[in-house]
Amino acid sequence: KKILNEGEVIVNEGEKMENFFIFESGLLERTKRKHLNIEDQSVTETIVIDKISKSSKVVGLLHVLAINGDPAYATIIVKETSTIWVIEREDFMNLLNSDNEHSIRLMGTMAVLLRSTSKVLRALKHGDADFEGVKIICFDTTNWVRS
């Protein structure tokens, strides 16, 4: 369990993630760098992807499950005093390897997430009214990011 203060950076975009986090309380903000060329000049803009304020939200799990780890897609900044639980990759893998039941439950949860993602993609492909005019910037394990 870790208590973080406003302004602290939990992870920087592009860093290899060795841990994932379970959010308990407070407010976190995920940002993504967007590189633009304006009048032959390279400009970097930071866009807010989302804010994390829901207890029990898991952040970074898929990065940790990648065989060699995976770089963070976004930067996560503490916007107000927050409490998170930090789960180290090695500890999590040891847990999954120690009991097949843990692995099976994780696969079941991931299957539900993949199914719901597929439904959203089908709705987008077929022009569902709820998604009219929506452009998908990215998808991560917790949210669709729209513009």
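This one's a predicted model, so the numbers in the text were calculated from it and none came from an experiment.

> What am I meant to see in the overall build of the protein here?
Across its full length, the protein holds 3 helices and 8 strands. Secondary structure elements of the protein occur, N-terminal to C-terminal, as β-β-β-β-β-α-β-α-α-β-β. Relative to its full complement of 147 residues, the protein shows a buried share of 30%. When the accessible surface of the protein is summed, it comes to about 9700 Å², and 51% of that surface belongs to carbon and sulfur atoms.

> Where do I start with the pairing of strand 3 (residues 19-38) in this structure?
Every other side chain in a regular strand lies on the same face of the sheet, so the side chains alternate between the two faces. Summarising the sheet, strand 3 and strand 6 (residues 75-88) pair through 11 bridges and their orientation is antiparallel. Pairing of phenylalanine 20 across the sheet is with isoleucine 87, part of strand 6. Here 2 bridges tie strand 3 to strand 5 (residues 58-59), and the two strands are oriented antiparallel to one another. When the bridges of strand 5 are listed, phenylalanine 21 appears paired with valine 59. Taking the residues between adjacent antiparallel strands as the criterion, strand 3 and strand 4 (residues 41-52) are bridged by 2 residues, where glutamate 39 takes a positive phi near 50 degrees.

> I tried to follow the pattern of salt bridges on my own but got confused; where do I start?
A pair can form between side chains of opposite charge whenever their charged atoms are brought close. Tallying each qualifying case throughout the model produces 7 salt bridges. A salt bridge links glutamate 29 to lysine 79; its shortest N-O distance comes to 3.8 Å. Here glutamate 29 is found in strand 3, whereas its partner lysine 79 is found in strand 6, with 50 residues between them in sequence. In this structure glutamate 29 comes out as buried when scored by relative accessible area, which is 8%. A relative accessible area of 34% means that lysine 79 is categorised as partly exposed. A single network of salt bridges, built from pairs that share partners, joins Glu29, Lys51 and Lys79.

> Just checking my understanding: could you explain the nonpolar core for this structure?
Most often, soluble globular proteins keep nonpolar side chains buried together rather than apart. Judged by nonpolar contacts, Leu4, Val11, Met17, Phe21, Phe23, Leu28, Ile52, Val59, Ala72, Ile76, Val78 and Ile84 together constitute the single largest core of 12 residues. The set of elements that each furnish at least two residues to this core consists of strand 3 and strand 6. With 7 residues, the next largest nonpolar core counts Phe20, Phe92, Met93 and Leu106 among its residues.

> I tried to follow the environment of valine 59 on my own but got confused; where do I start?
Tracing the chain through its elements places valine 59 in strand 5. Here the alpha-carbon distance between valine 59 and phenylalanine 21, two residues 38 residues apart in the chain, equals 5.1 Å. Discounting chain neighbours no more than four positions away, the residues touching valine 59 are Phe20, Phe21, Arg30, Ile52 and Ile76.

Basis of the calculations
Residues numbered from 1 in each chain as written. Predicted model: local features only at pLDDT ≥ 70, side-chain atom pairs only at ≥ 80, totals over all residues. Heavy atoms only, no water. Helix = DSSP H or I, 4+ residues; strand = E, 2+ residues; numbered from the N terminus. Buried < 20%, exposed > 50% of the residue type's maximum accessible area, 1.4 Å probe, protein only. Areas by Shrake-Rupley, 256 points an atom, 1.4 Å probe, with all protein chains shown as cover. Pairing = 2+ DSSP bridges. Salt bridge = Lys/Arg side-chain N within 4 Å of Asp/Glu carboxyl O. Core = buried A, V, L, I, M, F, W, Y, C linked by side-chain atoms within 4.5 Å. Contact = heavy atoms within 4.5 Å.

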